[in-house]
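Here is what each chain is made of, one letter per residue.
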Amino acid sequence: MNLPQKQCVILSMDSLEGFEVYDDLIDEPLKILGWQTHTISWKAKNVNWNAYDAVIIRSPWDYQDHAEDFLRVLSDIESSSAVLENSLAIVEWNIDKIYLKELEENQINIVPTLWKEALSTEAVNEYFDYFKTEQLVIKPRISANADNTFWLTRSNFETYLPELRSIFNKEAFMVQPFMESVIKEGEFSVFYFNGVISHTILKTPKNDDFRVQEEHGGRLTTVEPEAELLKQAEKTLSAIANIHDMPLYARLDYVRDETSFALMEAELIEPSLYFNMDAESPKRFAQAFVDKMQTYTSL
């Protein structure tokens with residue numbers, strides 16, 4: 001076994017209680033490849049980022065509540081001698097879900113979306129009419145963990161209006177038709193490490209829910225991606241790489257639509273990478289990280 005020579009921060013949060021975290025599975029593979037890991041909260045004070053060779057953003061799952069502070073910390077890291085992965089430029093692009101609009105303009109098939117700045121009772125009725133649907137999803141443009149995400153129907157949405165107005169009075173949001181395939185089949189996540197596919201999982205919500213995260217009772221299954229899903233994922237990753245450099249990691253989330261697969265989100269900041277679902281994925285990630293670090297002449 002090689003002795004660790006380089007120091008890598010796994011950027012996390014103050015407390016992960018209530019969350020499912022698997023990042024410890026990459027500690028040993030990275031150690032074998034010469035990297036010692038240190039888990040540090042993004043809110044930690046007086047951290048000397050110059051003492052580390054790299055910082056991997058992994059589980060700062062409360063950043064959406066303090067987005068400006070979070071970006072300020074990442075800026076400090078990127079200004080240091082440490083390499084930040086994924087990069088600040090990618091995070092700044094990906095933190096606001098309006099990036100989906102740019103991907104759509106680059107011929108990526110996304111879930112149909114309206115981008116809005118203000119909410120009213122009349123407007124919600126218009127959203128149902130626009131999508132010709134009886135069910136909608138409304139969520140913030142900056143969010144994580146399905147926070148403040150609402151599944152509405154024509155018959156019940158007025159019940160939620162006080163809460164919706166409170167949340168979206170001064171916050172930009174997005175509106176999408178509810179994709180019933182989330183309930184009937186689930187949501188597919190395709191994982192790439194430094195541009196190479198690693199594994200794919202299917203996430204299905206518990207009964208009477210639409211949220212697929214484990215914390216909300218979602219169920220996970222490892223699957224082989226069918227050809228059309230893989231085609232859409234490769235196309236999406238290529239578009240992202242053309243806008244920015246190739247990210248160290250990408251989780252691309254899809255649902256089946258009438259003809260293909262529609263991108264729900266491209267998770268490039270802090271997604272769970274579900275290392276527990278594929279025994280070889282921690283090793284793939286560690287090698288992808290080391291390969292990417294070798295492209296930086298400063299290390």
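Note: the structure precedes this text.
Residues numbered from 1 in each chain as written. Predicted model: local features only at pLDDT ≥ 70, side-chain atom pairs only at ≥ 80, totals over all residues. Heavy atoms only, no water.

> How should I be thinking about the overall build of the chain in this particular structure?
Helix and strand counts for the chain come out as 9 helices and 13 strands. Here the chain has a C-alpha radius of gyration of 20 Å; the compact-globule value for 299 residues is 19 Å, and the two agree. C-alpha atoms of the chain, sized along the principal axes, occupy 60 × 45 × 35 Å. For the chain, the proportion of its 299 residues judged to be buried stands at 54%. Contacts in the chain between residues far apart in sequence, at least 24 positions, make up 69% of those at least 6 positions apart. Here the chain contributes 27 positively and 50 negatively charged side chains, and the mean placements of these two sets differ by 2 Å. (Helix = DSSP H or I, 4+ residues; strand = E, 2+ residues; numbered from the N terminus. Rg over C-alpha atoms; globule rule 2.2 N^0.38 Å. Buried < 20%, exposed > 50% of the residue type's maximum accessible area, 1.4 Å probe, protein only. Contact = heavy atoms within 4.5 Å. Lys, Arg positive; Asp, Glu negative; His and termini not counted. Charge placed at Lys NZ, Arg CZ, Asp CG, Glu CD.)

> Would you take a moment to explain the environment of Ile243 for this structure?
If you trace the backbone, Ile243 turns up in helix α8 (residues 227-243). Its relative accessible area of 25% is what places Ile243 among the partly exposed residues. Spatially, the C-alpha atom of Ile243 lies 9.5 Å from that of Trp93, the residues being 150 residues apart in sequence. Once residues lying within four places of it in the same chain are set aside, the contact partners of Ile243 are Trp93, Glu102, Leu103 and Asn106.

> What am I meant to see in the packing of aromatic side chains here?
For any pair of aromatic rings, the description consists of the separation of the ring centres together with the inter-plane angle of the planes. Scanning the entire structure with this criterion turns up 16 aromatic pairs. Ring centres of Phe19 and Trp61 lie 5.3 Å apart, and the angle between their planes is 50°; this geometry places the pair in the tilted category. Taken together, the positions of Phe19 in the loop between β1 (6-12) and α1 (27-32) and Trp61 in the loop between β3 (54-57) and α2 (67-79) put the pair 42 residues apart, joining distant regions of the chain. In this structure Phe19 comes out as partly exposed when scored by relative accessible area, which is 25%. Ring geometry for Phe168 against Phe173: centres 5.0 Å apart, planes inclined by 45°, an arrangement best described as tilted. Here the two residues Phe168 and Phe173 agree in accessibility, since each one is buried. (Phe/Tyr/Trp six-rings, centres within 6.5 Å; stacked < 30°, edge-to-face > 60°.)

> Looking at this structure, I do not really get the nonpolar core. What am I missing?
Nonpolar side chains in soluble globular proteins generally cluster together in the buried interior. Leu11, Trp49, Ile57, Phe70, Leu74, Phe285 and Phe289 are the most contacted members of the largest nonpolar core, which has 47 residues in total. Of all the elements in the fold, those that place two or more residues in this core are β1, β2 (35-41), β3, α2, β4 (83-85), α3 (88-94), β9 (187-193) and α9 (281-293). Top contributing element to this core by residue count: α9, with 6 residues. Beyond its immediate stretch of four places on either side in the chain, Ile57 contacts Leu11, Phe70, Leu74, Leu84, Glu85, Asn86, Val91, Tyr249, Ile269 and Glu270. (Core = buried A, V, L, I, M, F, W, Y, C linked by side-chain atoms within 4.5 Å.)

> Would you explain α9 in this entry?
Side chains of residues three or four places apart in an α-helix project in the same direction, reflecting 3.6 residues per turn. A rise of 1.5 Å per residue sets the reference length of α9, with its 13 residues, at 18 Å; its end C-alpha atoms lie 18 Å apart and thus fit the reference within 8%. For α9, the full list of buried residues reads Ser281, Pro282, Phe285, Ala286, Ala288, Phe289, Val290, Lys292 and Met293. (Expected span 1.5 Å × (residues − 1).)

> Help me understand the sheet that holds β3, please; the structure alone is not making it clear to me.
To summarise the sheet geometry, strands pair through backbone hydrogen bonds and adopt either a parallel or an antiparallel arrangement. Spatially, β2-β1-β3-β4 is the arrangement adopted by the 4 strands of the open sheet, whose pairing is parallel. Each end of this open sheet is capped by a strand with a single partner; those strands are β2 and β4. On average, adjacent strands in this sheet sit at an angle of 25° to one another, irrespective of strand direction. Strand direction decides the pairing type here: β3 and β4, joined by 3 bridges, are parallel. In the strand pairing of β4, Ala54 is matched with Val83. (Pairing = 2+ DSSP bridges. Axes fitted to C-alpha atoms, helices over the stretch in contact; angles between N-to-C directions.)

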